[in-house]
Amino acid sequence: MMPVLTGIALRHLLARKRQTLISLLGIVLGTGFFLGISAMMQGSENDFIHRLIDNSPHITIEDEFRNPRLQPVAQLNPGAVIQMHRVKPETETRGIRNYLQALDYLHAIPGVAASPMLQGQGLVSFAGKDEALSLNGMIPKDIDTVSTIGTYMTDGTIKDLEGNPDGIIIGSELARVLSLERGESITVSATTGQMHSFKIVGIFHTGRASFDEGQVFLALKRVQALLDRPNRANQIIVKLNDPYDARDLALRIEDRLKYKSVSWQEASEDIMSTLALRNIIMYSVVSAVLLVAAFGIYNVISTVVMEKQRDIAILKSMGFHAGDIQTIFLTEGVLLGALGCALGLPLGTAIMFGLGQLVFKFPGTSQLTPMPIDWGWQQFAVAGGFAFVAAIGAAWLPARKAALVKPVDILRGAGA
Amino acid sequence: MSGTILKAEKLTRTLPGDVPVTLVRDIDLDIAQGEFLAITGPSGSGKSSLLYLLGLLDQPSGGRLLLEGRETSGLGENGLADTRLARLGFVFQANFLLPEFSAVENVLLPIRRLGRLSPAEAEARARRLLSDLGLEKQADKLPHQMSGGQSQRVAIARALANEPAIIFADEPTGNLDTVSSGVVQAILKNLARQKGRTVIVVTHDPSFAAQCDRIVRIVDGRMAA
């Protein structure tokens, strides 16, 4: 029976070629732009998260506590108002206590790589120029397991740091500003006043100018000595096989070690919220395009239903069910939606390809970045599915109206 | 003619509203199989309303209707539609052919909806029906390419598509010239007399009514004596 109903639906559409074509064009353009814009926005989001996950620690354990530690008397009397005078804070060298034990605990967790780090401020003076530096003291053999800096090396390798305890890896911008090359030596002074001479064993280039100018990597022991904080680390960097486990694992780690453990999701919560808001805005805008197109379909099918009252009446008098009539007009929506998708998705693919050819130089970077496009099947499914549902939704109301036509009401007034 | 095929008992149709309007009131009617029946009466007397009730296009407000001995009131909308499709055929004053479909495709619609024949058998039957009515050359023409008489004959062929037990014709010659009207009358008469089908015709034309086996006159929704 379906071919009969489909045949009637098809004839209705073909009998109004111009109207059908215009409404079809609406769906095609709507689907195409929906796909193009959605793929671009999702692509940029994926790219951003990818960079975030790759370039930042998945979990950072810091040498501070989320909540201040309570005095014993406050612990004994929870809820009580306690005033204490002349409390003298304990003077101690800052850093994570027993970080080696903490590392043992972390290494026992499957899928976890962890390494201690001591960060501090320093200054490099060379050829009459001073540059402030962020000193990253790490265990050289661990750097590749917890950081992607090794992938950005343009001269030398991370391994060169393993073989030279007095080695330093600097960024390309610092090298450019101070006219430095691999193999040259620089003197780094720390805020403690201590100074040490390091040999440049490698140069990295991430493309982020401030990072490439201000960050240097050295052996942990040397930074501990420079900052006068022996056997201390002020961070433990954790990388996970599955970065999306970070939030749960950070809670577990903080519960165990008590030190503040920040997952990449927590650290980027404001940005993630912005991305979610951006997605809502984007989908609202592109959905509006398809909704307008759906109104075109509604208009065509509604007109057909108005014009075809007699045909509907005669079909029903012949013995077609109300459901058959509804199916005919819904099929018109399905046909328009399917054809709209079939033509709109290739158009969207062309838009995606075109957008993918665009390259930009973002502020703060020194290299050209291509427009990230998400080519995942989900983009095609969402665009096609939304267009299809919009087309069927637009057809449903007039189809329902057609199904409710009472043949006698039409036949009584259609004698002439 | 043999036994009763359609029986109306106190059949009444009242349109609800602030001022209810009774279209047909207390109609008692037995129609025999193979009978050629005319329903006549002045305009607005309720002839067509009675035809729609007898043809299961409308449902009575009172009384009951038995088709081939079966009560029709409990059939439901889809049941009534299925009965119309398989057992009843309709011809109206306007031919109501679907304009996007050729003559043969119009005849094929009810056959394909019923779905009892293969596509080839259905096509063969549709073409034979058109041929029987002298329309073999018009079979592939669209309705606007045919005359009024030809279109009305296609409508008759469509009404006969599923070999119905009863054919209902509502002023089938009302829009036709004298020659075409004569042809249509002859076809309907032939269906009753030669093919043994029950034909119920609403008509204003006394000469057409005179050719029928029986004339039922309706005045103000009631059967006139």
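Fair warning: this is a prediction, and the values are worked out from it, not measured in the lab.

Peer 1: Explain the sheet that holds strand S5 (residues 70-71) of chain B here, please?
Peer 2: Whether parallel or antiparallel, the strands of a sheet pair through hydrogen bonds between backbone atoms. All names here are of chain B. Read from one edge of the open sheet, 4 strands run S2-S1-S4-S5, paired in antiparallel fashion. What marks the edges here is a single partner per strand, and that holds for strand S2 (21-32) and S5. Where strand S1 (residues 4-15) meets strand S4 (residues 62-67), 5 bridges bridge the pair, whose relative direction is antiparallel. The partner of Glu9 across the bridge, within S4, is Arg64.

Peer 1: Help me out: how do you make sense of the domain arrangement of chain A in this one?
Peer 2: Note: interface size is frequently given as the accessible area lost on complex formation between the parts. Taken as a whole, chain A is organised into domain 1 (2-53 + 271-412) and domain 2 (62-74 + 93-267). Here domain 1 of chain A and domain 2 of chain A have C-alpha centroids that lie 52 Å from each other.

Peer 1: Help me understand helix H5 (residues 148-159) of chain B in this model?
Peer 2: Count 3.6 residues to each turn of an α-helix, and residues three or four apart come out pointing the same way. All names here are of chain B. For H5, with 12 residues, the first-to-last C-alpha span of 16 Å sits near the 16 Å given by 1.5 Å per residue. The element H5 is largely enclosed, with a buried count of 10 among its 12 residues. If you follow the buried residues of H5, they end up packed against strand S6 (88-91), helix H3 (103-114), helix H4 (119-132), strand S7 (166-170) and helix H6 (178-193).

Peer 1: How should unusual backbone geometry be read in this particular structure?
Peer 2: Most peptide bonds take the trans configuration, and most residues that are not glycine carry a negative phi. A positive phi is found at Asn98 of chain A, a non-glycine position, where the angle reads about 50°. Here Asn98 of chain A is to be found in the loop between helix H3 (72-76) and helix H4 (99-107). The class of Asn98 of chain A is exposed, set by 11 C-beta atoms lying within 10 Å. Despite not being glycine, Asp26 of chain B shows a phi value in the positive range, around 50°. Turning to its location among the elements, Asp26 of chain B is positioned in strand S2. Note on Asp26 of chain B: 15 C-beta atoms within 10 Å, which makes it partly exposed.

Peer 1: Mind showing me how you'd approach the environment of Asp132 of chain B here?
Peer 2: For Asp132 of chain B, the position within the fold is in helix H4. Remark: the alpha-carbon pair of Asp132 of chain B and Ala157 of chain B, spanning 25 residues in sequence, is separated by 8.6 Å.

Peer 1: So what exactly am I meant to see when it comes to the nonpolar core here?
Peer 2: Looking at soluble globular proteins, one finds that nonpolar side chains tend to be buried together. Ranked by internal contacts, the top residues of the largest apolar core, which has 122 residues, are Ile297 and Ala391 of chain A together with Ile39, Val107, Leu130, Ala157 and Ile200 of chain B. Counting residues per element, this core draws most heavily on helix H15 (residues 377-403) of chain A, which supplies 11 residues. The next biggest cluster of nonpolar side chains, apart from the first, holds 51 residues, and it includes Ile158, Ile170, Ala175 and Ile253 of chain A.

Peer 1: Would you take a moment to explain the interface of chain A and chain B for this structure?
Peer 2: Taken together, the contact between chain A and chain B spans 21 residues of the former and 24 residues of the latter. Only helix H1 (2-15), helix H13 (309-318) and helix H16 (407-412) of chain A provide two or more residues apiece to the side of chain A that touches chain B. Along the lines of polarity and charge, the residues of the side of chain A that touches chain B split into 11 nonpolar, 5 polar and 5 charged.

Peer 1: I'm lost on the pairing of strand S9 (residues 235-240) of chain A in this one. Help?
Peer 2: Along a regular strand, successive side chains alternate from one face of the sheet to the other. Taking burial as the measure, the 6 residues of S9 of chain A include 6 buried ones, the bulk of the element. Residues Gln235, Ile237 and Lys239 of chain A point to one face of S9 of chain A and Ile236, Val238 and Leu240 of chain A to the other, with burial holding for every one of them.

Peer 1: Is there a simple way to explain the packing of H5 of chain B against H6 of chain B in this structure?
Peer 2: Two quantities define a packed helix pair, namely the angle between the axes and the distance from one axis to the other. All names here are of chain B. Taken N-terminus to C-terminus, the directions of H5 and H6 make an angle of 15°; their axes are 9 Å apart at the nearest point. What the angle tells us is that H5 and H6 run roughly parallel. Pair H5 / H6 crosses with right-handed handedness. Residue-level inspection shows Gly148, Gly149, Gln152, Arg153 and Ile156 of H5 in contact with H6, the latter providing Ser180, Val183, Val184 and Ile187. Taken together, the residues of the contact of H5 with H6 break down into 4 nonpolar, 4 polar and 1 charged.

Peer 1: What should I look at first to understand the packing of helix H12 (residues 269-307) of chain A against H15 of chain A in this one?
Peer 2: Residues and elements named next belong to chain A. Two numbers describe how H12 lies on H15: the axes approach to 8 Å, and their chain directions differ by 30°. Taken together, H12 and H15 sit at an angle that is classed as roughly parallel. Seen from above, H12 lies across H15 with right-handed handedness. Residues Ser287, Leu290, Leu291, Ala293, Ala294, Phe295, Ile297, Tyr298, Ile301, Ser302 and Val305 of H12 form the contact with H15, whose own contacting residues are Phe386, Ala387, Ala390, Ala391, Gly393, Ala394, Ala395, Leu397, Pro398, Lys401 and Ala402. Across the contact of H12 with H15, the residue classes break down as 18 nonpolar, 3 polar and 1 charged.

Peer 1: In this structure, what is going on with the sheet that holds S6 of chain B? I would like to understand it.
Peer 2: All names here are of chain B. As summarised here, the arrangement of the 6 strands in space is S6-S7-S8-S3-S9-S10, forming an open sheet in which the pairing is mixed. Every interior strand has two partners, whereas the edge strands, S6 and strand S10 (222-223), have only one. Pairing of strand S9 (residues 214-219) with S10, which is carried by 2 bridges, proceeds in the antiparallel orientation. What sits directly across from Ile218, in S10, is Met223. Contacts from H6 reach strand S3 (36-40), S7 and strand S8 (198-202) within the one sheet, and its direction differs from that of S8 by about 145°.

Calculation notes
- Residues numbered from 1 in each chain as written.
- Chains lettered and ligands numbered in written order.
- Predicted model: local features only at pLDDT ≥ 70, side-chain atom pairs only at ≥ 80, totals over all residues.
- Pairing = 2+ DSSP bridges.
- Helix = DSSP H or I, 4+ residues; strand = E, 2+ residues; numbered from the N terminus.
- Domains from an automatic or database assignment.
- Expected span 1.5 Å × (residues − 1).
- Buried ≥ 20, exposed ≤ 12 C-beta atoms within 10 Å, placed from the backbone.
- Contact = placed C-beta atoms within 7 Å.
- Core = buried A, V, L, I, M, F, W, Y, C linked by C-beta atoms within 7 Å.
- Nonpolar A, V, L, I, M, F, W, Y, C, P; charged D, E, K, R; others polar.
- Axes fitted to C-alpha atoms, helices over the stretch in contact; angles between N-to-C directions.
- Parallel < 35°, antiparallel > 145°, perpendicular 65-115°, else oblique.
- Left-handed = near helix turned anticlockwise from the far one by under 90°.

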